2 protein chains.
Amino acid sequence: MFRPEIKVVDCTIRDGGLTNNSNFTLETVRAVYQAACESGVDYVELGYRNNRKMLEPAKFGPWRFCDESQLAEVTRGVDPRSTKLAVMMDSHKSSVDDIVPKDRSVVDMIRVATYVKDVDKAIRLAKVAHDQGYETTINVMSISKEGGLHLDEALQQIEEETRALAVYVVDSFGSLYSEEVHYFVERFTMFLKTKHVGVHMHNNQQLAFANTIEGIIKGANFLDGTLYGLGRGAGNCPTELLLGFLKNPKFNLVPLLDVISRHILPLQKQIDWGYHVPYMLSGIRNLHPNVAIEWMADATRKEDLVGFYKKLEIDFE
Amino acid sequence: MFRPEIKVVDCTIRDGGLTNNSNFTLETVRAVYQAACESGVDYVELGYRNNRKMLEPAKFGPWRFCDESQLAEVTRGVDPRSTKLAVMMDSHKSSVDDIVPKDRSVVDMIRVATYVKDVDKAIRLAKVAHDQGYETTINVMSISKEGGLHLDEALQQIEEETRALAVYVVDSFGSLYSEEVHYFVERFTMFLKTKHVGVHMHNNQQLAFANTIEGIIKGANFLDGTLYGLGRGAGNCPTELLLGFLKNPKFNLVPLLDVISRHILPLQKQIDWGYHVPYMLSGIRNLHPNVAIEWMADATRKEDLVGFYKKLEIDFE
């Protein structure tokens, strides 16, 4: 038995791009896109559409900007079947000027990532995107730092002012336990009477997949994953685990296993993602993972776990 | 707020020994023992006490047999504080003749691992161990293959015939989801009115820590972990994650982080444990992990994930 409302979003290229400044080869992005389409994943997110003036563009690969011409290179000749294409816009690094009308785009959905403090920027982006013909979501980042009045007001405002399909609980720090996932999904559901709730989980405490299941149990219908958990620091909920769990017969795991073998496992030679004790410690303390990523980047102290523990005690207490 | 009844059992050397035929150096075992004692972990399990006549002893290191003289080498000069020492006896590979009276042993607890079919052997071992002065547990392996009448009868028999402190739900195949953990812990609790329930989880689906928390939520009080999740295949619930979650102020994470840095991370050069897709696939299919471990042992096909998927389809359908 399955819940047909559930949508799986593979954001390997988008969120995984935070490990390599969005510098994937076109070949890898095409392979991930094709595998997603063959697997029956509902959405595949191929990068950010951030604004070049708001970043240092020379630092980043093409998937941080997702120009239409670039995306057309990816989709050319591939049958999307039922899979839709998404890009993400950060509310504080994006411009409505970069949203072209849907009939001139291969993009189906624009997902707006935001902190609670920037919710008005996010709502503006989501409204413009919707008016230009796109499906939209709003993804509330760093949720483990949020709560109380400001979150409630933001959710109420999103409910009233946008046509977003879904609003996401984003555990940016990999800090939530199951009871907190229940709390946030229930709270979102209370305010968002006309929208789905989504969950996007990080794996600092090896809970990304477990917390995604807990979201499902509480009614979340939009579920994010990345192939083999590729993502900054400890990484994400692995899409292959999610598809192995979901019962909808439209899903096919094999194309995902194939692209993991051919394109994701080889990335392990350059990118060190997955469970490491420093990421766990930043997750437990509800800290941005960058504090752990910076520690790990220095090979001479990467395995000095007590040193990192003590640094956190000094820096954050 | 914490539950004082909760006991943490670190079984790094015992269960981790399934990765290397229990061939840890004395130095590593002493370091793990000392760290466990300093961390406030309630029990540290240093190996199996299996019977030499029932195995090929030349194949195994000393921690498969845990002779008293060997254990004395480990504990000499270390202040155990409140930490007790455990060994495990497999019901089908152990002999009551290997249980010496408690006053001639450094062991505090004997844990008997058993399949449901061998429960009478397990009960006999547990009774003899109890009569010789030890604390005991009975650990019901491969629980994801069990259920129904035979399990109920086994639990009722353990309840009536033994003085075991705890009876464990052992997810040998890393196959359970949270709802199944709830089911088993509730079922065990129903039969075991005078005993604690324990949980021992494997990480095939990245759910070992999450499922341990779900066990806690349902009332399980004996919790197994291994340092950095060291264990066969995908490994175990990491003890450091467990201590990071539990609130009892008697626990101290730092000695565990230190021994992970010095003794466990270096083992990664010889032992490849942790999340890999073949382990996930055997977990989802509720299969013994050895089918995946054998596949992974051949470097030429280790990353052929589709090949392994297809093998399972042919072999098990």
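Counting starts from 1 at the beginning of each chain's written sequence and moves along it residue by residue. Lettering of chains starts at A and numbering of ligands starts at 1, both following the order in which they are written. In keeping with the predicted nature of the model, local features appear solely for residues at pLDDT of at least 70, side-chain atom pairs appear and are counted solely at 80 or more, and the whole-chain, interface and lining totals rest on all residues.

Quick look at the nonpolar core now. Throughout this description, the term nonpolar core refers to a group of buried Ala, Val, Leu, Ile, Met, Phe, Trp, Tyr and Cys residues whose C-beta atoms join them within 7 Å. Counting other C-beta atoms within 10 Å of each residue's C-beta, where C-beta atoms are placed from the backbone, gives the exposure class: buried for 20 or more, exposed for 12 or fewer, partly exposed between. Counting 191 residues, the largest nonpolar core has L46 and V169 of chain A together with L46, V167 and V169 of chain B as the members making the most contacts within it. Contacts here follow a simple rule: the backbone-placed C-beta atoms of the two residues must lie within 7 Å. In contact with V169 of chain A, not counting residues within four places along its chain, are V140, I143, F184, V185, F188, V197, G198 and V199 of chain A.

Turning our eyes to something else, we now look at the domain arrangement of chain A. All names here are of chain A. Where each domain starts and ends comes from a domain assignment, either automatic or drawn from a database. According to the domain assignment, chain A contains domain 1 (7-269) and domain 2 (277-315). Computed over C-alpha atoms, the centres of domain 1 and domain 2 are 26 Å apart. Across the contact, 10 residues belong to domain 1 and 11 residues belong to domain 2. Three classes are used, and their members are as follows: Ala, Val, Leu, Ile, Met, Phe, Trp, Tyr, Cys and Pro are nonpolar, Asp, Glu, Lys and Arg are charged, and the others, Gly among them, are polar. Tallied by class, residues from the side of domain 1 that touches domain 2 come to two nonpolar, six polar and two charged.

Moving on, we get to the interface of chain B and chain A. Contacts between the two partners involve 25 residues from chain B and, on the opposite side, 25 residues from chain A. Secondary structure elements with two or more residues in the side of chain B that touches chain A: α7 (208-217), α8 (239-245), α9 (254-264), α10 (277-284) and α12 (305-315) of chain B. If you tally residues by element for the side of chain B that touches chain A, the top one is α9 of chain B, at five residues. Grouping the constituent residues of the side of chain B that touches chain A by class yields 16 nonpolar, five polar and four charged. Every helix listed is a DSSP run of H or I at least four residues long, and every strand listed is a run of E at least two residues long, numbered separately from the N terminus.

Turning our attention to the packing of helix α2 (residues 26-39) of chain B against helix α3 (residues 68-75) of chain B. All names here are of chain B. Running from N to C, α2 and α3 point in directions that differ by 60°, and their axes come no closer than 8 Å. Classified by the interaxial angle, the pair formed by α2 and α3 is oblique. For α2 against α3, the interelement crossing comes out right-handed. Contacts from L26, V29, R30 and Y33 in α2 reach E73, V74 and T75 in α3. A breakdown of the residues in the contact of α2 with α3 according to their chemical character gives four nonpolar, one polar and two charged. Whenever a helix is involved, its axis is fitted only over the stretch in contact; in every case the axis is a line through C-alpha atoms, and angles between N-to-C directions fall within 0 to 180 degrees. For classification, angles of less than 35 degrees are called roughly parallel, those exceeding 145 degrees roughly antiparallel, those between 65 and 115 degrees roughly perpendicular, and all remaining angles oblique. Left-handed describes a crossing whose near helix is turned anticlockwise from the far helix through less than a right angle; right-handed describes the clockwise counterpart.

Let's shift gears to the sheet that holds strand β3 (residues 84-90) of chain B. Residues and elements named next belong to chain B. Pairing between strands is defined by DSSP: at least two bridges between the two strands are required. Overall, parallel pairing links the eight strands, which are arranged β1-β2-β3-β4-β5-β6-β7-β8 in a closed barrel. With strand direction ignored, the average angle separating the axes of adjacent strands in the sheet is 25°. In this structure, strand β1 (residues 7-10) lies alongside strand β2 (residues 43-48), joined through two bridges in parallel fashion. Within the sheet, the bridge partner assigned to D10 lies in β2 and is V44. Sheet strands in contact with helix α4 (residues 119-131) are β3, β4 (109-114) and β5 (135-140), and its direction is about 175° off that of β4.

Attention now moves to the relation of the copies chain B and chain A. When the copies are superposed, the least-squares fit takes in the C-alpha atoms of residues with a pLDDT of at least 70 in both. The transform that puts chain B on chain A rotates by 180° and translates by 0.0 Å along the axis, for an RMSD of 0.0 Å. The relationship between the two copies is best expressed as a two-fold rotation axis. Here 100% of the contact residues of chain B are again contact residues in chain A; the copies associate through an equivalent surface.

Next up on the list: the sheet that holds strand β1 (residues 7-10) of chain A. In sheet architecture, strand pairing relies on hydrogen bonds along the backbone and comes in two forms, parallel and antiparallel. All names here are of chain A. Spatial ordering of the closed barrel is given by β1-β2-β3-β4-β5-β6-β7-β8, a layout of eight strands whose pairing is parallel. Ignoring which end each strand starts from, the neighbouring axes of this sheet average 25° apart. Where strand β3 (residues 84-90) meets strand β4 (residues 109-114), five bridges bridge the pair, whose relative direction is parallel. Bridging across to β4, D90 finds its partner in A113. Sheet strands touched by helix α7 (residues 208-217): β6 (166-171), β7 (196-201) and β8 (222-225). Its angle to β7, the strand with the most contacts, is close to 170°.

Here we come to helix α10 (residues 277-284) of chain A. Among the eight residues of α10 of chain A, seven are classified as buried, and the element is accordingly described as predominantly covered. Taken together, the buried positions of α10 of chain A are occupied by V277, P278, Y279, M280, L281, S282 and G283 of chain A. In this structure, the buried side of α10 of chain A is in contact with α11 (290-297) and α12 (305-315) of chain A together with α8 and α9 of chain B. N286 of chain A sits one or two positions beyond α10 of chain A and adopts a positive phi of about 60°.

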